[in-house]
Amino acid sequence: MGGLGKTTVAQMVYKDDSMVRNFEPRAWVCVSDPFDIFKILRDIIESITGRKCEDPSNVDVLAKQVKENLLGKKYFLVLDDVWNEDVGDWDKLKSYLVCGGLGSKILVTTRSQNVASAAGGTDYSLNKLPDDVCWSIIKKKVLSQGGAVLTKKMTDIGTEIARKCDGLPLVANSLGSLLRSRRDESYWQSIVDDITDRMRGTPEHEKVISILKLSYDNLSPPLKQCFSYCCIFPKDWKIKREMLIRLWMAEGFLSPSSRGESISLEDIGNEYFEYLVWSSFFQDVQKDQESGDIWGCKMHDLVHDLATNVLDRNEFRIAKVRDEKEDVSEVRRLQLLIDRGQSLASPTVLSNAVKLRTIVALQPKNISHVSSLFHSRRLRVLCPLDGWDRGWRGCSLSSRSMSASSISKLKHLRYLDLSDMDLSPEVSLNHSYNLQILIFRGCKNVPSCLLNKIGSLKSLRHLDISFSDIKSIPENIGSLEHLCFLDICDTPISKLPDSITCITSLRTLKFNDCKNLDALPSELGALTRLRCLDLEYTGIKELPESCISNLCNLEIVKLGEYCKLPKEIKNWPKLRIFTHERFDDVMPIGIERLTCLETLESYMVRQETEVCGSPGNKSYGGIEELAGLNSLEVLKIIKLENVRGGTEDAETVKLKDKQHLRKLYLEWGSTGGADDHVPSSRSVDDTAVLEGLQPHSNLEQLVIEGFSGSKVDDGVFIIQLFACSFSFFDNTVKFYG
């Protein structure tokens, strides 16, 4: 049964601490249909290494790489959502996996008993949940925002709704989100009546979709449009948040309408995305480990089926390049499947696609005639879902594969992704004045004439030239008044044009890893909407004064090792992440005002001569300025040898009050320098300082470095001091020095 929680249980096993400790490596692969051994082996390698695997010529080459990663190692492999019942295919796959060490395990999730039999091993069947457990799931959703009081009547109605979940947690989650939107008895009763009507006469296999559609029917029209569009991704696909929002934007789904012009399309897209997560249309949410922001998610198979079912047949179609029987003449959006080794030369399926607005290409493999993708003059979106780099890397986009006017004829084009292609002077964007998203990520030989005309693309909102060989940005980029996102990471660019300070709509400017970039425009602070300044792995040595005083919307600042710390940062009240590697500088003034701060690496305790105000005045710039930063999740404190008041002074940090703190790094250096961890004479005993730095019991990880306390056995002392405070003390404390 779909929605029973098979994948959720597998995830709990996969992430369990005991599995992490006892199995290395671990790999997770979503298999789905078809059962492609080539893809499975490639995904195993990528899951283990965390890097994309360049497609080799055949399965044997992949099998060799799998063996290199698994040989003699006790591994744990999850094959999720499997449908293949062919014993021969299973035997072939297992022949590539027998190289692991003793005790290696493979866990398979499937809806089919026949698949379980073909795979072999031990079967475990999940039962449907009892009604009271379904009610507990619904109730948890309803009460998650706090402040709700359930009346006796609402509880009775809720338990009746729980019985209609048929024991499926997916349905319980969906209905819980729906009931949370309105907390009145009449509305809840209408949900019961609606479910009853929908179930009457509905075939058993359609009942789940019918109940899920109840949540869909309660969405606003724009949200319905944005949700149903997600079927353009394959099942089990990791949907990237930023890509999805840009696709919505290019399709014209996002409109400020009555919201006024003050809110951007990106903000509207983020609101829609978060609402769909909140309403349980998206699951398996993945967050950035550092910022905590959601970067991706998935859709459950049944939710994906719902998104497909609510669309007209001509609104969306899946087709293969060489499918001669498929008529897509009326289709508006197409997921194009290009099998390995297949050419794009005159693909049959696109020959009559005159109404096509969107092409998403799934793992295209070669590019003999890419111009065949541009038959439709109405095309708005050309998007390789996983990039062109699986076999297209290094391919030439020249006059032989695309006439100079091929793209320019597409006057309605809004989203163009040419990642990892070699371009030539013939490529032109002269008439693509509706372009909103342009991606040259990883491109080579980008003609200077192409980029020099970038200023004519007045509708451009997103420009990505990262990892390309582009060496300079033209001055006319300053005329792009709607540009919100510019990514030039890891390029040889050595200078940002002064005109960039005119793009007041710019919110994201990425230039980390630009090693040749050694200065920023002096008036960069005019970009008051900027949310991130990441200077890591650049040659920038100092922030312009305008950035320090004017960028009041900054949320992330990473200064790296070359940029010296500013004297004060009190004008960055929204800052959530602040990192640096400048251990010889003095900590900026104003830390105590950054109450939104979640990550601080590193806070350097000042010497008494560095504290602002009169000598010995700890009220201005002492370690107690961390006291009010109760949103902190990651904190690194170094130069603890400079703490002057022992336990009393350290207690002013109030670590015991910081219930969100997950990771804490405490570092002592010698009195001669922070990088010298040889213990030396202290004015205050380290043990006294450590006693004042006891954290909240929610702490998950503690690292102590350079500690030189006065106890006979300091390791035992630290454990006695902190162990009673930890909820999860196992494997969380490390000692250095």
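Residues numbered from 1 in each chain as written. Predicted model: local features only at pLDDT ≥ 70, side-chain atom pairs only at ≥ 80, totals over all residues. Heavy atoms only, no water.

## Considering the overall build of the chain
This is how the line gets drawn: Helical segments are the DSSP runs of H or I of at least four residues, strand segments are the runs of E of at least two, and each set is numbered from the N terminus. Partly exposed describes any residue whose relative accessible area lies between the buried limit of under 20% and the exposed limit of over 50%, with all areas from a 1.4 Å probe on protein chains only and scaled to the type maximum. All accessible areas in this document rest on Shrake-Rupley with a 1.4 Å probe, and a residue is counted as covered only by the protein chains that are shown.
Regarding its fold elements, the chain presents 20 helices and 25 strands. Here the chain holds 737 residues, and the buried ones make up 52% of them. For the chain, the accessible surface area stands at approximately 32,700 Å², while carbon and sulfur atoms represent 48% of it.

## Let's talk about the sheet that holds strand S4 (residues 239-240)
Consider a sheet: its strands pair through backbone hydrogen bonds, and that pairing is either parallel or antiparallel. As a reminder of what qualifies: Strand pairing is assigned whenever DSSP identifies at least 2 bridges connecting the two strands.
With respect to topology, 3 strands assemble into an open sheet ordered S4-S6-S5, the strand pairing being antiparallel. Edge strands, defined here as strands with exactly one partner in the open sheet, are S4 and strand S5 (283-287). In the sheet, S5 pairs with strand S6 (residues 294-298) via 3 bridges, with the strands oriented antiparallel. Looking across to S6, one finds that Gln286 is bridged to Gly296.

## Description of the sheet that holds strand S1 (residues 26-32)
Put simply, the rule reads: Between N-to-C directions, angles cover 0 to 180 degrees, with each direction set by a line fitted to C-alpha atoms, over the stretch in contact for helices.
Within the open sheet, the 3 strands sit side by side as S1-S2-S3. Their pairing is parallel. Lying at the two open borders of the sheet, with one neighbouring strand each, are S1 and strand S3 (105-108). Adjacent strand axes in the sheet meet at a mean angle of 15° when their direction is disregarded. In this structure, strand S2 (residues 76-82) lies alongside S3, joined through 4 bridges in parallel fashion. Bridge assignment links Leu77 to a residue of S3, and that residue is Ile106.

## Description of the nonpolar core
Where we set the bar: Only buried residues count toward a nonpolar core, which is a set of Ala, Val, Leu, Ile, Met, Phe, Trp, Tyr and Cys residues joined through side-chain atoms within 4.5 Å. Throughout, a residue-residue contact means that at least one pair of heavy atoms, one from each residue, lies within 4.5 Å.
Core analysis: the largest hydrophobic core is formed by 99 residues, its most contacted members being Leu438, Phe511, Leu533, Phe578 and Leu640. Apart from residues no more than four positions distant in its own chain, Leu438 is found in contact with Leu416, Leu429, Ile454, Leu457, Leu460, His462, Leu463 and Asp464. In terms of nonpolar packing, the next biggest core, distinct from the first, is built from 75 residues, Leu179, Leu247, Leu337 and Ile437 among them.

## What about the pairing of strand S21 (residues 599-604)?
Here S21 lies mainly inside the structure; 5 of its 6 residues are buried. Bridge analysis of strand S20 (residues 577-579) against S21 gives 3 bridges, and the strand direction is parallel. Bridge pairing in S21 places Phe578 opposite Leu600. As paired elements, S21 and strand S22 (residues 634-638) share 5 bridges and run parallel to each other. Note that in S22 the partner of Met604 across the bridge is Ile638.

## Here's the deal with the packing of aromatic side chains
What counts is decided by this rule: Centres within 6.5 Å are what make two rings of Phe, Tyr or Trp a pair, Trp counting through its six-membered ring; a difference in plane orientation under 30 degrees is then read as stacked, over 60 as edge-to-face, and the rest as tilted. The criterion for a charge sitting over a ring is simple: Lys NZ or Arg CZ within 6 Å of the ring centre, and within 35 degrees of the ring normal.
One pass over the full model with this rule turns up 10 aromatic pairs. Ring geometry for Trp668 against Phe707: centres 5.2 Å apart, planes inclined by 70°, an arrangement best described as edge-to-face. Here Phe707 lies in the loop between strand S24 (701-705) and helix H20 (714-722) and Trp668 lies in the loop between strand S23 (663-667) and helix H19 (686-691), a separation of 39 residues in the sequence. The class of Trp668 is buried, set by a relative accessible area of 0%. In this structure an aromatic cluster arises from ring pairing among Tyr14, Phe23, Trp28 and Phe76. Over the ring of Tyr216 we find Lys224, and its NZ or CZ is 5.5 Å from the ring centre.

## Some points on the pairing of S6
Burial analysis of S6 places 4 of its 5 residues in the buried class, which makes it a mostly covered element. Hairpin connection of S5 to S6: 6 residues between the antiparallel strands, including Gly292 at a positive phi of 80°.

## Some details on a nonpolar patch on the surface
Put simply, the test is: Candidates for patches are residues over 30% relative accessible area with no salt bridge; among them, like charges are joined within 9 Å and nonpolar side chains (Val, Leu, Ile, Met, Phe, Trp, Tyr) within 5 Å. In what follows, salt bridge is the name for a side-chain nitrogen of Lys or Arg lying within 4 Å of a carboxyl oxygen of Asp or Glu.
There is a patch of nonpolar side chains on the surface, built from Val9, Val13 and Leu126 and spanning about 190 Å² of accessible area. Mapped onto the elements, Val13 comes out in helix H1 (residues 6-15).

## Thoughts on helix H4 (residues 59-70)
The condition is simple: For a helix, the expected span equals 1.5 Å multiplied by the number of residues minus one.
If you check H4, its first and last C-alpha atoms are 16 Å apart, about what 12 residues at 1.5 Å a residue would give, namely 16 Å. Along its buried surface, H4 packs onto helix H3 (37-49). Phi turns positive, to about 70°, at Gly72, one or two residues after H4.

## Side note on the packing of helix H8 (residues 152-163) against helix H10 (residues 185-199)
Under the convention used in this document: These descriptions rest on fixed angle ranges, namely under 35 degrees for roughly parallel, over 145 for roughly antiparallel, 65 to 115 for roughly perpendicular, and the rest for oblique. In this scheme the handedness of a crossing depends on how the near helix is turned from the far one: anticlockwise by less than a right angle means left-handed, clockwise means right-handed. Just so you know the grouping, Ala, Val, Leu, Ile, Met, Phe, Trp, Tyr, Cys and Pro go in nonpolar, Asp, Glu, Lys and Arg go in charged, and all remaining residues, Gly too, go in polar.
Direction vectors running N to C along H8 and H10 enclose 20°, while the axes themselves pass 10 Å from each other. Considered as vectors, H8 and H10 are oriented roughly parallel to each other. The handedness of the crossing between H8 and H10 is left-handed. Facing Lys153, Met154, Ile157, Gly158, Glu160 and Ile161 of H8, the residues of H10 in contact are Glu185, Trp188, Gln189, Ile191, Val192 and Ile195. Considered class by class, the residues forming the contact of H8 with H10 number 7 nonpolar, 2 polar and 3 charged.

## So, the pattern of salt bridges
Pairing between side chains of opposite charge can happen when the charged atoms of each approach one another. By the definition in use, this model includes 29 salt bridges. Across the pair Glu330 and Lys355 runs a salt bridge, and its minimum N-O distance is 2.7 Å. Of the two residues, Glu330 sits in the loop between strand S7 (317-320) and strand S8 (333-337) while Lys355 sits in the loop between S8 and strand S9 (358-362), which places them 25 residues apart along the sequence. Judged by its relative accessible area of 35%, Glu330 is partly exposed. A residue is classified by how much of its surface remains accessible, and Lys355, at 30% relative accessible area, is partly exposed. The partner of Arg606 in a salt bridge is Glu625, with the nearest N and O atoms 2.6 Å apart. Pair noted here: Arg606 is in the loop between S21 and S22 and Glu625 is in the loop between S21 and S22, with a separation of 19 residues, a long-range link.

## Points about the side chain of Arg241
One can find Arg241 in helix H13 (residues 241-251). What makes Arg241 buried here is its relative accessible area of 9%. Ignoring any residue separated from it by four or fewer positions in sequence, one finds Arg241 in contact with Asn270, Phe273, Glu274, Ile294, Trp295 and Gly296.

## Things to note about helix H11 (residues 207-217)
Where burial is concerned, most of H11 is hidden: 8 out of the 11 residues are buried. Considered for burial, the residues of H11 that qualify are Val208, Ile209, Ser210, Ile211, Leu212, Leu214, Ser215 and Tyr216. Elements that come into contact with the buried residues of H11 comprise helix H9 (169-181), H10, helix H12 (221-229) and helix H15 (301-309).

## Concerning the side chain of Arg180
The cut-off we apply is this: All tallies of charge rest on Lys and Arg as positive and Asp and Glu as negative; His and the ends of each chain are not included.
Topologically, Arg180 is positioned in helix H9. Glu274 is the oppositely charged side chain nearest to the buried, salt-bridge-free Arg180, at an N-O distance of 11 Å. Every residue in contact with Arg180, bar those within four places of it in the chain, is listed here: Lys141, Val142, Ser144, Gln145 and Trp278.

## A few points about the packing of H13 against helix H14 (residues 265-278)
Axis separation between H13 and H14 bottoms out at 9 Å; the angle between their running directions is 120°. Considering the angle they form, H13 stands oblique to H14. Considering only the axes of H13 and H14, their crossing is right-handed. Every residue of H14 that contacts H13 at Arg241, Leu244, Ile245, Trp248 and Met249 is listed here: Leu265, Glu266, Gly269, Asn270, Tyr272, Phe273, Glu274 and Leu276.

## Section: the confidence of the model for the chain
The condition is simple: The pLDDT value tells you how sure the predictor is about a given residue, anywhere from 0 up to 100.
For the chain, per-residue confidence averages 85 on the pLDDT scale, and residues scoring 70 or more make up 84% of the total. Here residues 613-620 is modelled with pLDDT under 50, and outside its nearest four sequence neighbours on either side it reaches 12 contacts, counting other chains as well. A low-confidence stretch, residues 724-731 (pLDDT under 50), is modelled with 17 contacts involving residues beyond four sequence positions or located in other chains.

## Notes on the environment of Asp490
Of note, Asp490 is situated in the loop between strand S16 (485-487) and strand S17 (508-510). With 22 residues separating them in the primary sequence, Asp490 and Asn512 have C-alpha atoms 6.7 Å apart. Asp490 has contacts with Phe467, Ser468, Asn512, Asp513 and Cys514, leaving out every residue within four places of it along the chain.

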